[in-house]
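Residue-level structure breakdown
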Amino acid sequence: IIWFLLITEHYIYLYYNKMNLLNIISHKFNWILFFSIFLAIFTSFFLQYKLDLVPCKLCVYQRYLWLILFFLSTLNLLFGSKIYKIIKSLILFFLAALLLLSFYHSGIELGFFNNIITCTQESNVQAETIDQLDAMIRETKNSDCAFPKFYIYKITLSNLSMILSGILFLLSLRFLKRNISKEI
């Protein structure tokens, strides 16, 4: 019943205001942004803690940027009208940073770039026998940025992060430009 009332209210609102598809997306874009970022963060933690995928350093840096974006999108939902330009500008900045970092990460995985950030962990463990060394190597989890650990239809997680952050960046840029031109 609640879903029916919400949908009915939404369609009545759209009917009386005669909004087109772009206006509908613009009207709900803050929620789309919030849930997209939440889904990206939830997926990364699920893959790490439930499927036991060890993230590399670049993945962790990307996760920090997603968490900052989640905080900003939450602020955008709560106080969007009061500090609209500041929050939208920060969201655009961090989406651009995430897009560049995920582009760099994807380039490393594809062999286009050499990694300037060391992704291997230093270990002071020393083996006294070949069997100990063999056991240590087999138990060590790979966290090198150059070797992707998870694919979805031959697309790595850093490629998905690049695609999602690129789409969100372009949409945020579009709606920010559109809202600023409305004010003028």
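Residues numbered from 1 in each chain as written. Predicted model: local features only at pLDDT ≥ 70, side-chain atom pairs only at ≥ 80, totals over all residues. Heavy atoms only, no water.

Before going further, it helps to examine a nonpolar patch on the surface. Together, W31, F35, F38, F42, F46 and L51 make up an exposed nonpolar region whose accessible area comes to about 630 Å². On the secondary structure map, F38 appears in helix α2 (residues 21–49). (Patch = residues over 30% accessible without salt bridge, like charges linked within 9 Å, V, L, I, M, F, W, Y side chains within 5 Å. Areas by Shrake-Rupley, 256 points an atom, 1.4 Å probe, with all protein chains shown as cover. Salt bridge = Lys/Arg side-chain N within 4 Å of Asp/Glu carboxyl O. Helix = DSSP H or I, 4+ residues; strand = E, 2+ residues; numbered from the N terminus.)

Let us look at helix α4 (residues 84–110). Over its 27 residues, α4 extends 38 Å from the first C-alpha to the last, a length consistent with the 39 Å expected when each residue adds 1.5 Å. One or two residues past the end of α4 sits G111, with phi positive at roughly 85 degrees. (Expected span 1.5 Å × (residues − 1).)

The next subject is the packing of helix α3 (residues 57–79) against α4. With their axes 10 Å apart at the nearest point, α3 and α4 run at an angle of 160 degrees to one another. Here α4 runs roughly antiparallel to α3, going by the angle between their axes. Every pair of crossing elements has a handedness; the one defined by α3 and α4 is left-handed. In terms of residue class, the contact of α3 with α4 is built from 19 nonpolar, five polar and one charged. (Axes fitted to C-alpha atoms, helices over the stretch in contact; angles between N-to-C directions. Parallel < 35°, antiparallel > 145°, perpendicular 65-115°, else oblique. Left-handed = near helix turned anticlockwise from the far one by under 90°. Nonpolar A, V, L, I, M, F, W, Y, C, P; charged D, E, K, R; others polar.)

Relative to the elements of secondary structure, R63 occurs in helix α3. No salt bridge is formed by the buried R63. Its closest oppositely charged neighbour is D52, at 11 Å. With sequence-adjacent residues up to four places away left out, R63 is seen in contact with S44, F45, Q48 and P55. (Buried < 20%, exposed > 50% of the residue type's maximum accessible area, 1.4 Å probe, protein only. Lys, Arg positive; Asp, Glu negative; His and termini not counted. Contact = heavy atoms within 4.5 Å.)

Just distances and angles here, no functional claims.
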